[in-house]
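Listed here are the chains, written in short residue letters.
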Amino acid sequence: MDTDFECVIVGGGAAGLSSALVLGRARRRTLVIDAGEQSNRPDEGIGGLLGNDGTSPPRFYEAAGAEVDRYPAVERIAGTVADGRREDGGFRLATAGGEEITAANVILATGMRYEHPDLPGLAELWGRDAFHCPFCHGWEARDGHVAVIVDQLPDAMRARLIGLWTDRVTVVTGGRGIDDPEQLAALEAAGIRVDERLPARLEAADGSLRAIRFEDGGELEVDSVMVPTTMRHRSDLAFRLGARARDGENPMIVDPLEVDFLQRTSVPGLAAAGDVATAGAPSVAAAIAEGHRAGAGVVHDLAFG
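Overview of the structure. Given the structure is predicted, the values throughout are model-derived calculations rather than measurements. (Residues numbered from 1 in each chain as written. Predicted model: local features only at pLDDT ≥ 70, side-chain atom pairs only at ≥ 80, totals over all residues. Heavy atoms only, no water.)

The next subject is the sheet that holds strand 14 (residues 219-221). The strand order 12-13-14 describes an open sheet built from three strands, whose pairing is antiparallel. Among the strands making up the open sheet, the edge pair consists of strand 12 (199-205) and strand 14. For this sheet, the mean angle separating the axes of adjacent strands, direction not counted, is 25 degrees. Strand direction decides the pairing type here: strand 12 and strand 13 (residues 208-214), joined by six bridges, are antiparallel. Note on strand 13: the bridge partner recorded for Ala204 is Leu209. (Pairing = 2+ DSSP bridges. Helix = DSSP H or I, 4+ residues; strand = E, 2+ residues; numbered from the N terminus. Axes fitted to C-alpha atoms, helices over the stretch in contact; angles between N-to-C directions.)

Given below as structure tokens:
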């Protein structure tokens, strides 16, 4: 099959740009299709990324894109891939704008959609005073009063993790008590309070979280909240192309794609990197590493496949 590109990368976040950098340096004709929907764009800064600790996501993506653009083999466009299929040993993709593109290889780096509790006031604070990952935001929340809002009571034990950054932690159970005496004793031993009231909204002042207001009219003054999230595919493109999901090792992540060490899926020529294929805790650092492996895998397959 004659193709327009040796590789099309669907997604222009950390994983996709990392793949593109590898492919560009290997002089492989590559197209990056970027919907601009990176999940961490609202964050004030990227936490824990060596060389870019605290860099704002828009600034990071701008700099990373500029690095990729130095390599003439790589083209980047804005857009969304609406459909795709295997065809004659390659792939035919259709953009939302109606354009059809063929490729010998595809790397899916679409990221995931992060779903957080539908709590009024949370969206405006997301990525700053409201977060889900202590490794990404624990440093910024250090020494403050952190409320850990849980939707499943076993999640209350995550409060012990954020307790490494602050000794002022309260678990908010949303109207339910903790029935497990062992779990309750562990929280008490760690100095973590339990508040069983049902949150109604987050109250902010001057753009910063001030308090949780409860349905009973009361308030709990806090500096930040850690909330549960669920990660879901942005589309069914991966499954239309034939990729398989792995068994759910992490209840936060719905149907992550099954990949090998070089990020290859079960479909020849189709790789996946970043949140869409992560097995553990998602991070920008992990996405960059996975994108690098995916790009290297494609180069290897083009040379020896």
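More follows now that the structure is in view.
This part covers the environment of Thr230. Turning to its location among the elements, Thr230 is positioned in strand 16 (residues 230-233). A sequence separation of 38 residues divides Thr230 from Pro268, and the C-alpha atoms of the two residues are 29 Å apart. Those residues in contact with Thr230 that sit more than four places away from it in its chain are Arg113, Tyr114, Glu115, Met252 and Val254. (Contact = heavy atoms within 4.5 Å.)

Considered as a void within the structure, the largest pocket measures approximately 860 Å³ in volume. Along its surface, the largest pocket is lined by 50 residues, and Gln38, Ser39, Asn40, Tyr61 and Asp275 are the ones closest to its centre. Those elements that place two or more of their residues in the lining of the largest pocket are helix 1 (14-25), strand 2 (30-34), strand 8 (130-131), helix 4 (134-137) and helix 8 (284-304). Among the residues making up the lining of the largest pocket, the classes are represented as 24 nonpolar, 21 polar and five charged. (1 Å grid on protein atoms, 1.4 Å probe; cavity = no way out; pocket = protein on both sides within 12 Å on 5 of 7 lines; lining within 4 Å. Points joined across faces, edges and corners; volume = space filled by probe spheres on them. Nonpolar A, V, L, I, M, F, W, Y, C, P; charged D, E, K, R; others polar.)

With that settled, the discussion passes to empty space enclosed by the protein. This model, assessed by the stated rule, comprises one cavity of 30 Å³ or more. For the largest cavity, the full set of lining residues is Leu108, Thr110, His233, Ser235, Leu237, Ala238 and Val276. Classifying every residue of the lining of the largest cavity by side-chain character gives four nonpolar, three polar and no charged.

With that out of the way, let us pick up the sheet that holds strand 10 (residues 168-172). Across the sheet, which stays open at both edges, the five strands sit in the order 8-15-9-10-11 with parallel pairing between neighbours. Each end of this open sheet is capped by a strand with a single partner; those strands are strand 8 and strand 11 (193-195). Two elements, strand 9 (residues 145-149) and strand 10, share five bridges in a ladder whose sense is parallel. Each bridged residue has a counterpart across the sheet, and for Ile149 the counterpart in strand 10 is Val172.

If you trace the backbone, Gly47 turns up in the loop between strand 2 and helix 2 (57-69). Since its relative accessible area comes to 21%, Gly47 is described here as partly exposed. A sequence separation of 78 residues divides Gly47 from Leu125, and the C-alpha atoms of the two residues are 17 Å apart. (Buried < 20%, exposed > 50% of the residue type's maximum accessible area, 1.4 Å probe, protein only.)

Tallied over the entire structure, the rule returns two aromatic pairs. When the ring of Phe60 is compared with that of Tyr61, the centres are 5.3 Å apart and the planes differ by 70 degrees; the resulting orientation is edge-to-face. Note on accessibility: Phe60 and Tyr61 belong to one class, buried. Each ring, one from Phe135 and one from Trp165, has its centre 5.9 Å from the other, and the planes form 90 degrees; the classification is edge-to-face. Of this pair, Phe135 sits in helix 4 while Trp165 is found in the loop between helix 5 (158-162) and strand 10, placing the two residues 30 residues apart along the sequence. The exposure class assigned to Phe135 is exposed, which follows from its relative accessible area of 59%. The ring of Phe261 has Arg293 sitting right over it, with the charged end atom 5.1 Å from the ring centre. (Phe/Tyr/Trp six-rings, centres within 6.5 Å; stacked < 30°, edge-to-face > 60°. Lys NZ or Arg CZ within 6 Å of the ring centre and 35° of its normal.)

If you check the backbone angles, Arg27 has positive phi at about 65 degrees while not being a glycine. Of note, Arg27 is situated in the loop between helix 1 and strand 2. For Gln263, which is not glycine, the phi torsion reads 70 degrees and is therefore positive. On the secondary structure map, Gln263 appears in the loop between helix 7 (237-240) and strand 17 (270-272). Classification of Gln263 as buried rests on a relative accessible area of 3%.

Such coordinate-based values are descriptive only and should not be taken to indicate function.
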